[in-house]
Amino acid sequence: MSAPTARAARTTPNVLGGLAGWLWLAVIIVPIYYILVTSLRPQEDYHSENTLSWPSRPTLDAYGEVLANDFLRYFGNSVVVTVVSVAVILAVSLMASYVVVRSRRRWTARIFQVFLLGIAIPIQATIVPVYYLIVQLGLYDTLWALILPSIAFAIPLSVLILTNFLRDVPGELFESMKVDGAGEWRTLWSLAVPLTRPAIVTVGVYNALHVWNGFLFPLVLTQSAETRVLPLSLWAFQGEFSLNVPAVLAAVVLSVLPILAAYVIGRRQLVSGLTAGFGR
């Protein structure tokens, strides 16, 4: 094949790929658009207007109705559970990954294998033992009943991601820190943490999304409204506002905003963390 022919072949646009991309974008955007416009639509106009048209009388009444029904309490519970869980997950996973990568002892390899085994255990298969353990500890219907299992089930995958990322850090950097007299803690916080920031952001956002949207643990391990979190409150709102679709979708929009903000803030490092650290 001649050079001009090869160049033309390389520059030929992928029409089918482009159409498929636009189709997939429409599949994603249309439900989001529907949720947004419906949450701004008055309840009395919901059945009389086109569901995909912009509301003729946009209003925030649905949001006010949701906020007036203890939504802020559920929001605060979700924030506490997510922040505490993610903070502990990152701290424990980072320290464990550092030990797995830097230690030359045999038991570290065994510990890493135990972490990998934890990835293979589905949450649904352990919900009965977890429920029994939480009840025996006297933590049933508390926020700790949601925090502790969330931490335990998130650590294995987090350790795997951070370990693969730390293995790509040149060993000479660790040795130079050691020659300069830095201890393990100083090396961890002054070298490992800055160099693995993309992976840390990736693990943090992923686990925050998982904990924030968790439904099984709140459903089984809590009961009262005082410990209700957003996913469970959306289920309750669906029953309470069964005829008020705009109010239900307004609650969905409000529950998505924090995670969307976290993604917007850390999107660059999130992409970098997803594409790096697995080169070996």
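Worth saying up front: this structure is predicted, and the values here are computed from it rather than measured.

## Concerning the overall build of the protein
Then, number 1: For the protein, the count of helices and strands is 13 helices and zero strands.
Then, number 2: Taken from the N to the C terminus, the helices and strands of the protein come in the order α-α-α-α-α-α-α-α-α-α-α-α-α.
Then, number 3: Expressed as a percentage of its 280 residues, the buried residues of the protein come to 38%.
Then, number 4: Look at the contacts in the protein between residues 6 or more apart in sequence, and 73% of them connect residues 24 or more apart.
Then, number 5: Carbon and sulfur atoms form 68% of the exposed surface of the protein, whose accessible area is close to 16500 Å².

## Description of the packing of helix α8 (residues 171–179) against helix α9 (residues 184–195)
The axes of two packed helices give the description: the angle between them and the distance between them.
Then, number 1: Viewed as axis vectors pointing N to C, α8 and α9 meet at an angle of 150°, and their least axial separation amounts to 10 Å. Considering the angle they form, α8 stands roughly antiparallel to α9. Handedness of the α8/α9 crossing: right-handed. Residues L173, F174 and M177 of α8 form the contact with α9, whose participating residues are R186, T187, S190, L191 and L195.
Then, number 2: Taken together, the residues of the contact of α8 with α9 break down into five nonpolar, two polar and one charged.

## Digging into the confidence of the model for the protein
Then, number 1: In this model, the protein carries an average pLDDT of 83, and 89% of its residues clear a pLDDT of 70 or more.
Then, number 2: Within the protein, the lowest mean pLDDT, 53, falls on helix α1 (residues 3–11), and the highest, 93, falls on helix α6 (residues 127–136).

## Observations concerning helix α10 (residues 197–212)
Then, number 1: Its 16 residues place the ends of α10 22 Å apart at the C-alpha level, agreeing with the 22 Å of an ideal helix rising 1.5 Å per residue.
Then, number 2: For α10, every residue scored as buried is listed here: P198, A199, I200, T202, V203, G204, V205, N207, A208, V211 and W212.

## Some words on the packing of aromatic side chains
Then, number 1: Considering all chains together, one arrives at three aromatic pairs under this definition.
Then, number 2: On the numbers, 5.7 Å between centres and 80° between planes, the contact of F75 with W212 is edge-to-face. In this pair, F75 is assigned in helix α4 (residues 71–102) and W212 in helix α10, connecting sequence segments 137 residues apart.
Then, number 3: Judged by relative accessible area, W212 falls into the buried class, the value being 5%.
Then, number 4: An angle of 40° between the planes, with centres 5.9 Å apart, marks the rings of F153 and F217 as tilted.

## Some details on the environment of I259
Then, number 1: As for its position among the elements, I259 is in helix α13 (residues 245–275).
Then, number 2: A relative accessible area of 16% means that I259 is categorised as buried.
Then, number 3: C-alpha of I259 to C-alpha of V205: the two residues are 54 residues apart in sequence and 8.0 Å apart in space.
Then, number 4: Among residues more than four places away in sequence, those in contact with I259 are A208, L209 and W212.

## Some remarks on the nonpolar core
Then, number 1: Counting residues in hydrophobic clusters, the biggest one holds 23 residues, and the most contacted among them are V81, I134, L146, V159, F217 and L221.
Then, number 2: When residues of this core are traced back to their parent elements, those giving at least two are α4, α5 (106–119), α6, α7 (144–167) and α11 (216–221).
Then, number 3: In terms of residue count, α7 provides more of this core than any other element does, seven residues in total.
Then, number 4: Setting aside residues up to four positions removed in sequence, V159 forms contacts with S93, A96, S97, F112 and F115.
Then, number 5: Within the second largest apolar cluster, 18 residues are counted, among which are V169, M177, L191 and V203.

## Describing the pattern of salt bridges
Then, number 1: Taken as a whole, this structure holds four salt bridges when the rule is applied.
Then, number 2: One salt bridge in this structure joins R41 and E49, with 2.5 Å as the shortest N-O distance. Across this residue pair, the class does not change: R41 and E49 are buried.
Then, number 3: Among the ionic pairs, E44 bridges to R57, the shortest N-O distance being 3.4 Å.

Conventions adopted
Residues numbered from 1 in each chain as written. Predicted model: local features only at pLDDT ≥ 70, side-chain atom pairs only at ≥ 80, totals over all residues. Heavy atoms only, no water. Helix = DSSP H or I, 4+ residues; strand = E, 2+ residues; numbered from the N terminus. Buried < 20%, exposed > 50% of the residue type's maximum accessible area, 1.4 Å probe, protein only. Contact = heavy atoms within 4.5 Å. Areas by Shrake-Rupley, 256 points an atom, 1.4 Å probe, with all protein chains shown as cover. Axes fitted to C-alpha atoms, helices over the stretch in contact; angles between N-to-C directions. Parallel < 35°, antiparallel > 145°, perpendicular 65-115°, else oblique. Left-handed = near helix turned anticlockwise from the far one by under 90°. Nonpolar A, V, L, I, M, F, W, Y, C, P; charged D, E, K, R; others polar. pLDDT = per-residue confidence, 0-100. Expected span 1.5 Å × (residues − 1). Phe/Tyr/Trp six-rings, centres within 6.5 Å; stacked < 30°, edge-to-face > 60°. Core = buried A, V, L, I, M, F, W, Y, C linked by side-chain atoms within 4.5 Å. Salt bridge = Lys/Arg side-chain N within 4 Å of Asp/Glu carboxyl O.

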